[in-house]
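# Coordinate analysis (summary)
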Amino acid sequence: MKISNKYSYRFLKEKLVVKQIHDKTIYVINETGKILFKFIRESKNCDDAYNKCRSYYLKKNINEKTIKTNFDKVIEFFREIALIDNSKSRKIPPKSKHNTEQDKTDKGKKIKYELYKIASKNNIPLKVQIEVETKCNYNCAFCLLNGVRETHPNLLISQEMMTNLFKQFDTLGTEQIIFSGGEPFLRKDFLEILQHTENYGFEIEIFTNGSLINEKAINIIKQIRLKHLQISFYGNEMDYNTFSGTNGYYIRVLNLLERLNANNIPFYLTIPLTKLNTSSDLLFEEISKKYKVSFNDIITNSLNGKNKNISDRISLPIDHKLIKKHIIRKRNANLNAYKGPCIGGITYAAITAKGNVCPCYQYVLPVGNIHNTSFKEIWDKSPDLTKFREVNRKGNKNKKCLTCKYNEFCKICLANNLIGTGAMDKLSEITCKLAERKYNTYHQNINNN
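Please read all numbers here as calculations on a predicted model, not as lab measurements.

Let us look at helix H3 (residues 64–80). Since there are 3.6 residues in each turn of an α-helix, residues three or four apart along the chain are aligned in direction. Taking 1.5 Å of rise per residue, the 17 residues of H3 would be expected to cover 24 Å, and the 24 Å separating its terminal C-alpha atoms lies within 8% of that figure. Listed in full, the buried residues belonging to H3 are Ile67, Phe71, Asp72, Val74, Ile75, Glu76, Phe77 and Phe78. Looking at the buried residues of H3, the elements they touch are strand S2 (15–20), strand S3 (26–29), helix H1 (31–41) and helix H2 (46–58). Among the residues of H3, the N-terminal cap falls to Asn63, whose side-chain oxygen and the backbone nitrogen of Lys65 are separated by 3.1 Å.

What follows is the structure, encoded as structure tokens:
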């Protein structure tokens, strides 16, 4: 039976969690509903699903009347919320009660919070970022990976391994998969990989520069459970070419944005504000009115140690007009974004194109490799990951930090610690400098007002 791509779903212990991807309505469904949903998912039509359900429960000595009643209630509910289509279905009596919880205002927030607490306590990888390709057709000035190069095909995660990962994520309760690169659409079988995700309930997010998305890709993207495309954008044509190290993609990307809008495909633009694109001020104002945009003034040095001090060389001063216009207001409104524990290794994982599993995409030491060990075994049993979680959950006990005036803008990052000091539990100056910049940006605005 066809399950709507407007919903994501995951299995959480004895529950089924169903979420409307874009209005974020959540339904938490009991164990009976979860079991019946699994039969529905693997069946061609309603009658086929019912026969499987009947066979399963008769073996458990459940009488046929009860089986039919429960099945009809679940099917009716899934129809009401348009989770499944109504074609080729048995006639179901109207009006039945459902053991569900619907996300509405405060109650909805409470449900989300409780679901996240369960995931955090049980180390459920809600989000997994997969690097599907190491190559890129751009040569961006600030690339976190400092440019990427081709990897031998035998080392890359194959399509077969990818589908095996999806099965494991389905079992583990994963909610979202993020595909990144390099440039994902450079991978020849990437569209086939996207199609495989249709068999599962994951929300899909794709990090891309957008230059290679054609009509075929758009048609497939429309079929998956897409949360959004995250598209890098750098400014007017001159700034775009300078920043990306390319020539000829600018107009193509602008045209793509129009086509995505026309096809109701959700996306947003990520725009770094740097010394390399200051002439794009007017365009940024226009494009912010037309599309959803996320600006960022924090430029991170490359992870591989090359292109050192790129942050110092291209970052804008905090009093620059672009930062005042596009960053400060949001930063003031989102002070709480800097607080709270890191999700790395607890509800978030990253997998590189070569199969290395890391607690997050910035943490350079892998805790395992899926060429040798299943993701599930790494996630559940890796000693290195267990150690990472212990340090992460303890939080920051550094006395210097507790009395630091930048503390409210600081979130300790074990990846930054490792890069800056060689030890994940030793405070890095990278974190301190980031917190200082955020603090100064905020307070400068307060003082100016």
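Now, onward.
Turning our eyes to something else, we now look at the confidence of the model for the protein chain. The pLDDT averaged across the protein chain works out to 87; a share of 87% of its residues lies at or above 70. Below pLDDT 50 for its whole length, residues 87–99 participates in 30 contacts with residues either more than four positions away or in separate chains. Every residue in residues 101–105 is under pLDDT 50, and counting partners more than four places away or in other chains gives 15 contacts.

On to the packing of H2 against H3, then. Interhelical geometry of H2 versus H3 gives an angle of 140° and a closest axis separation of 10 Å. Classified by the interaxial angle, the pair formed by H2 and H3 is oblique. Seen along the crossing, H2 lies across H3 with a hand that is right-handed. For the pair H2 and H3, the contacting residues are Cys46, Ala49, Tyr50, Cys53, Arg54, Tyr57 and Leu58 in the first and Glu64, Ile67, Lys68, Phe71 and Ile75 in the second.

Moving on, we get to the side chain of Glu133. Turning to its location among the elements, Glu133 is positioned in the loop between strand S4 (127–131) and helix H5 (159–172). A polar contact is formed between the side chain of Glu133 and the backbone nitrogen of Lys135, at a distance of 3.1 Å.

A few words on the nonpolar core. Counting 65 residues, the largest nonpolar core has Ile130 and Phe179 as the members making the most contacts within it. When residues no more than four places from it in sequence are discounted, the contact partners of Ile130 are Ile157, Met162, Leu165, Phe166, Phe169, Ile177, Ile178, Phe179, Ser180 and Ile351. In this structure, Ile3, Tyr7, Ile67 and Ile81 belong to the second largest nonpolar core, which totals 28 residues.

On to the sheet that holds S2. The sheet built from three strands is open, its strands ordered S1-S2-S3 with antiparallel pairing. Two strands close off the open sheet at either side, each with one partner strand: strand S1 (7–12) and S3. Within this sheet the neighbouring strands show an average axis-to-axis angle of 15°, counted without direction. Where S2 and S3 come together, four bridges link them in antiparallel fashion. Looking across to S3, one finds that Lys19 is bridged to Ile26. Contacting S1, S2 and S3, H1 runs over the sheet at an angle of about 120° to S1.

For sheets, the rule is that strands pair by backbone hydrogen bonds, running either parallel or antiparallel. With mixed pairing, nine strands are arranged side by side in an open sheet as S9-S8-S7-S6-S5-S4-S10-S11-S12. Single-partner strands in this sheet number two, and they are strand S9 (293–296) and strand S12 (368–369). Looking at chain direction, strand S11 (residues 356–358) and S12 are connected through two bridges and run antiparallel. By the bridge assignment, Val357 is partnered in S12 with Gly368.

Rules used throughout
- Residues numbered from 1 in each chain as written.
- Predicted model: local features only at pLDDT ≥ 70, side-chain atom pairs only at ≥ 80, totals over all residues.
- Heavy atoms only, no water.
- Helix = DSSP H or I, 4+ residues; strand = E, 2+ residues; numbered from the N terminus.
- Expected span 1.5 Å × (residues − 1).
- Buried < 20%, exposed > 50% of the residue type's maximum accessible area, 1.4 Å probe, protein only.
- Contact = heavy atoms within 4.5 Å.
- Polar contact = N/O pair within 3.5 Å; in protein donor to acceptor, adjacent residues only side chain to side chain.
- pLDDT = per-residue confidence, 0-100.
- Axes fitted to C-alpha atoms, helices over the stretch in contact; angles between N-to-C directions.
- Parallel < 35°, antiparallel > 145°, perpendicular 65-115°, else oblique.
- Left-handed = near helix turned anticlockwise from the far one by under 90°.
- Core = buried A, V, L, I, M, F, W, Y, C linked by side-chain atoms within 4.5 Å.
- Pairing = 2+ DSSP bridges.

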